[in-house]
Every structure is written in C-alpha cells, then in structure tokens.
Amino acid sequence: KNKNHRKLSEPSANADLWQHFDRNMGSMISMEALFWAPLGLDLLLLATTISCCKLSGMEWYLKTINEHSSAPKKNDDNVAKSINDDSSPIHSVWELAMIAYSAYGCLLPWAAYVCYTDPSHRVSCAWAMTTLMLSKMTSKAAWNWEDAAGKSKMLSLIVFYLPTYGGYAVYNTFLK
C-alpha cells in the first residue's frame with residue numbers, strides 16, 4: 001500500500017487548522033454576507049432602475065406604475081398626453097423624483113465604497129439601510145396584499161432586507 005494514502009476515517013494533518021478557520025472565520029464570513037448580500041442587490045437594482053429611468057424616461061415609469069397598480073388600468077393615451085403636456089404637474093413630480101433618485105444613485109455606491117475601504121462604517125450603513133427599509137414599510141400602498149407586486153415587495157423587505165441589514169446592525173451593535 002501507498003504510505004501517503006490516508007483513509008477517510010483518519011484525521012488529516014490540517015484538521016486542526018480547518019476547525020480553527022471554521023470556528024473563527026466561518027462566522028465572520030457569514031456575518032459579512034448579511035451586509036454585502038443586500039447591499040450588492042441594492043446596487044444592482046439601482047443600476048437597472050436608474051438606467052431605465054434615464055434612458056426610457058417618464059413614459060416607461062408611468063406605464064410600469066400603471067401595470068403594477070391595483071387601481072383600474074388607465075388608457076395609454078392619457079399617459080402620453082400627460083407626458084406631452086409641459087404644463088402637467090407630473091413633470092414637476094418627475095423632476096423631484098429624479099433629483100432624489102439621482103442623489104440615492106450617487107450616495108449608495110459611495111457608501112458601498114466607504115464600507116469596503118473602511119469596515120468601521122458598515123454598522124452605521126446597515127442601520128441606515130434598515131431604517132430606509134422600515135420607512136418603505138410605512139407607506140399606505142406597501143400593505144396592499146391584493147396586488148401581487150406589492151405583496152412581493154413587502155415580503156422581500158420582511159424576509160430578506162430586514163433580517164440581513166437589521167441582523168448585521170443588531171449583532172454588531174449589541175451582541176458582538
């Protein structure tokens with residue numbers, strides 16, 4: 001028999017090293033995943049939605065809102081009329097929304113960069129994102145369970161965002 005060949009039941013020379021890694025690094029890796037998984041998803045969502053808003057504009061946004069709304073569907077001609085009418089108040093609302101979304105589009109990548117380069121900021125970022133997710137839950141439309149899109153958004157907040165961002169923030173603030 002080959003002397004270098006080990007049976008599966010024999011302990012390997014690196015078993016202690018692996019157990020040390022698993023005990024010490026395993027929990028750190030999973031804790032960091034609680035922070036980076038939702039932040040990475042938010043960055044991807046930001047990149048897709050802001051590009052759709054900038055490239056396709058208000059017409060795409062209003063059609064998307066109309067498709068996902070639980071209200072009776074409106075005629076697409078009304079959407080086109082609102083967009084073409086420069087005196088329509090929808091233009092002011094659109095500009096205000098784009099200013100806010102552009103600011104979010106600048107601040108979220110900057111926050112991700114800062115959290116990557118200086119890990120001491122991750123807990124405060126997790127608290128800020130937890131607060132943002134909780135504020136999304138306060139809107140009247142958020143609890144509309146009749147609308148499939150609204151229900152899936154709320155479930156993603158409850159099942160994914162709050163446990164990840166909130167779990168990371170609570171663990172690193174109170175339990176670490």
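Owing to the predicted nature of the structure, the values given are computational and were not obtained by experimental measurement.

Comments concerning the overall build of the protein chain
Next, step 1: From N to C terminus, the protein chain includes five helices and zero strands.
Next, step 2: Along the protein chain, helices (α) and strands (β) appear in the sequence α-α-α-α-α when read from the amino end.
Next, step 3: In the protein chain, buried positions account for 25% of the 176 residues.
Next, step 4: By sequence separation, contacts in the protein chain at least 24 residues apart represent 68% of the contacts at least 6 residues apart.
Next, step 5: For the protein chain, the computed accessible surface area is about 12500 Å², with 64% contributed by carbon and sulfur atoms.

A short note on the side chain of Thr 164
Next, step 1: Within the secondary structure layout, Thr 164 lies in helix α5 (residues 148-175).
Next, step 2: Contacts of Thr 164, omitting those with residues within four sequence positions, involve Leu 34 and Pro 38.

Things to note about helix α3 (residues 90-117)
Next, step 1: Taking 1.5 Å per residue as the helical rise, α3 with its 28 residues ought to reach 40 Å, and the 40 Å between its terminal C-alpha atoms agrees with that figure.
Next, step 2: By the burial criterion, the buried members of α3 are His 91, Trp 94, Met 98, Leu 108, Ala 111, Ala 112, Val 114 and Cys 115.

Considerations on the packing of α3 against helix α4 (residues 122-136)
Next, step 1: Where α3 meets α4, the axes come as close as 9 Å, and the angle between the chain directions of the two elements is 150°. Remark: the crossing between α3 and α4 carries left-handed chirality. The residues of α4 that touch α3, namely those facing Tyr 104, Leu 108, Ala 111, Cys 115 and Tyr 116, are Arg 122, Cys 125, Met 129 and Leu 132.
Next, step 2: For the contact of α3 with α4, the class distribution of residues is eight nonpolar, no polar and one charged.

Brief notes about the environment of Ala 142
Next, step 1: Looking at the element boundaries, Ala 142 is found in the loop between α4 and α5.
Next, step 2: The class for Ala 142 is buried, based on a relative accessible area of 13%.
Next, step 3: Residues Ala 142 and Lys 153 lie 11 residues apart in sequence; the distance between their C-alpha atoms is 7.7 Å.
Next, step 4: Setting aside chain neighbours within four positions, we find Ala 142 in contact with Lys 136, Met 137, Gly 150 and Met 154.

Regarding the nonpolar core
Next, step 1: One finds Phe 35, Leu 39, Cys 125, Met 129, Met 133, Leu 157 and Tyr 165 to be the most contacted residues of the largest nonpolar core, which totals 21 residues.
Next, step 2: Among the elements of the structure, α1 (15-68), α3, α4 and α5 are those that each provide at least two residues to this core.
Next, step 3: Top element by residues in this core is α5. It accounts for seven residues.
Next, step 4: Leaving out residues up to four positions away in the same chain, Phe 35 has contacts with Cys 115, Arg 122, Cys 125, Ala 126, Tyr 165 and Tyr 168.

Structural notes on the state of the cysteines
Here, disulfide denotes a covalent bond that connects the sulfur atoms of two cysteines.
Next, step 1: One pass over the full model with this rule turns up zero disulfides.
Next, step 2: Note on Cys 53: no disulfide assigned, nearest cysteine sulfur contributed by Cys 52 at a separation of 7.0 Å.
Next, step 3: Overall, Cys 53 belongs to the buried group, its relative accessible area being 8%.

With respect to the packing of aromatic side chains
Next, step 1: Inspection of the entire model under this criterion finds eight aromatic pairs.
Next, step 2: A centroid spacing of 6.0 Å and a plane angle of 25° characterise the contact between Tyr 161 and Tyr 165, whose relative ring orientation is stacked. Of this pair, Tyr 161 and Tyr 165 both sit in helix α5, separated by four residues, roughly a single helical turn. Grouping residues by exposure puts Tyr 161 and Tyr 165 together as buried.
Next, step 3: Taken together, the ring pairs in this structure connect Phe 35, Trp 36, Tyr 116 and Tyr 168 into an aromatic cluster.

Conventions adopted
- Residues numbered from 1 in each chain as written.
- Predicted model: local features only at pLDDT ≥ 70, side-chain atom pairs only at ≥ 80, totals over all residues.
- Heavy atoms only, no water.
- Helix = DSSP H or I, 4+ residues; strand = E, 2+ residues; numbered from the N terminus.
- Buried < 20%, exposed > 50% of the residue type's maximum accessible area, 1.4 Å probe, protein only.
- Contact = heavy atoms within 4.5 Å.
- Areas by Shrake-Rupley, 256 points an atom, 1.4 Å probe, with all protein chains shown as cover.
- Expected span 1.5 Å × (residues − 1).
- Axes fitted to C-alpha atoms, helices over the stretch in contact; angles between N-to-C directions.
- Left-handed = near helix turned anticlockwise from the far one by under 90°.
- Nonpolar A, V, L, I, M, F, W, Y, C, P; charged D, E, K, R; others polar.
- Core = buried A, V, L, I, M, F, W, Y, C linked by side-chain atoms within 4.5 Å.
- Disulfide = S-S within 2.5 Å.
- Phe/Tyr/Trp six-rings, centres within 6.5 Å; stacked < 30°, edge-to-face > 60°.

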